[in-house]
Amino acid sequence: MLTRSLGTSTQNIVRQHQLDKTQDENKHPFVSYDVGDHLKLRTFLRQIGKGDKLQAKYFGPYTTTEEDNELNYVVIALCGIKENEDTVHTSRLAPYHVSWNSSFENYVNVHGLFEN
């Protein structure tokens with residue numbers, strides 16, 4: 001009797017695990033970046049005494065130098081904020097698009113960062 005209920009509970013756990021896995025995969029789609037892509041990085045550093053609402057959540061541009069595994073990338077800053085490489089999870093990365101009114105646009109034009 002005990003072994004039968006143990007087998008049933010094990011089957012229920014395995015079935016629920018598979019259901020949770022498929023629901024999680026549907027909720028969080030797989031994201032992939034190529035080496036050399038320009039990205040912005042989400043940081044959680046905030047200025048003391050300032051509201052979080054109006055502070056920038058993303059900083060960049062960063063470029064990918066290598067893929068550590070399918071969820072982590074090694075990135076380096078393009079605008080000289082930091083000189084070292086960081087390994088970052090894909091949940092903290094987003095594609096970087098240069099806006100037309102960006103103050104960074106002048107920096108890009110002077111240094112030619114996005115030219116091929």
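To start, this report covers the structure provided alongside it. (Residues numbered from 1 in each chain as written. Predicted model: local features only at pLDDT ≥ 70, side-chain atom pairs only at ≥ 80, totals over all residues. Heavy atoms only, no water.)

## Points about the environment of His-89
Part 1: Assignment of secondary structure puts His-89 in strand β4 (residues 86-89).
Part 2: Of the residues examined, His-89 reaches a relative accessible area of 33% and is grouped as partly exposed.
Part 3: Along the sequence, His-89 and Tyr-73 sit 16 residues apart, while their C-alpha atoms lie 6.5 Å from each other.
Part 4: Look past the residues within four positions of His-89 in its chain and what remains in contact with it is Leu-71 and Asn-72.
Part 5: A polar atom in the side chain of His-89 sits 3.0 Å from the side chain of Ser-91. (Helix = DSSP H or I, 4+ residues; strand = E, 2+ residues; numbered from the N terminus. Buried < 20%, exposed > 50% of the residue type's maximum accessible area, 1.4 Å probe, protein only. Contact = heavy atoms within 4.5 Å. Polar contact = N/O pair within 3.5 Å; in protein donor to acceptor, adjacent residues only side chain to side chain.)

## What to know about the layout of surface pockets
Part 1: By volume, the largest pocket amounts to about 240 Å³.
Part 2: In this structure, the largest pocket is lined by His-28, Pro-29, Phe-30, Val-31, Glu-70, Leu-71, His-89, Thr-90 and Ser-91.
Part 3: Taken together, the residues of the lining of the largest pocket break down into 4 nonpolar, 4 polar and 1 charged. (1 Å grid on protein atoms, 1.4 Å probe; cavity = no way out; pocket = protein on both sides within 12 Å on 5 of 7 lines; lining within 4 Å. Points joined across faces, edges and corners; volume = space filled by probe spheres on them. Nonpolar A, V, L, I, M, F, W, Y, C, P; charged D, E, K, R; others polar.)

## Remarks on the nonpolar core
Nonpolar side chains tend to gather and get buried jointly when the protein is soluble and globular.
Part 1: Counting 9 residues, the largest nonpolar core consists of Tyr-33, Leu-39, Leu-41, Tyr-62, Tyr-73, Val-75, Ala-77, Val-88 and Leu-93.
Part 2: Elements with a contribution of two residues or more to this core: β1 (38-42) and β3 (72-77).
Part 3: Considering every element that reaches this core, the biggest residue donor is β3, with 3 residues.
Part 4: Those residues in contact with Leu-93 that lie beyond four places of it in its chain are Tyr-33, Leu-39, Lys-40, Leu-41, Tyr-73, Val-75 and Val-88. (Core = buried A, V, L, I, M, F, W, Y, C linked by side-chain atoms within 4.5 Å.)

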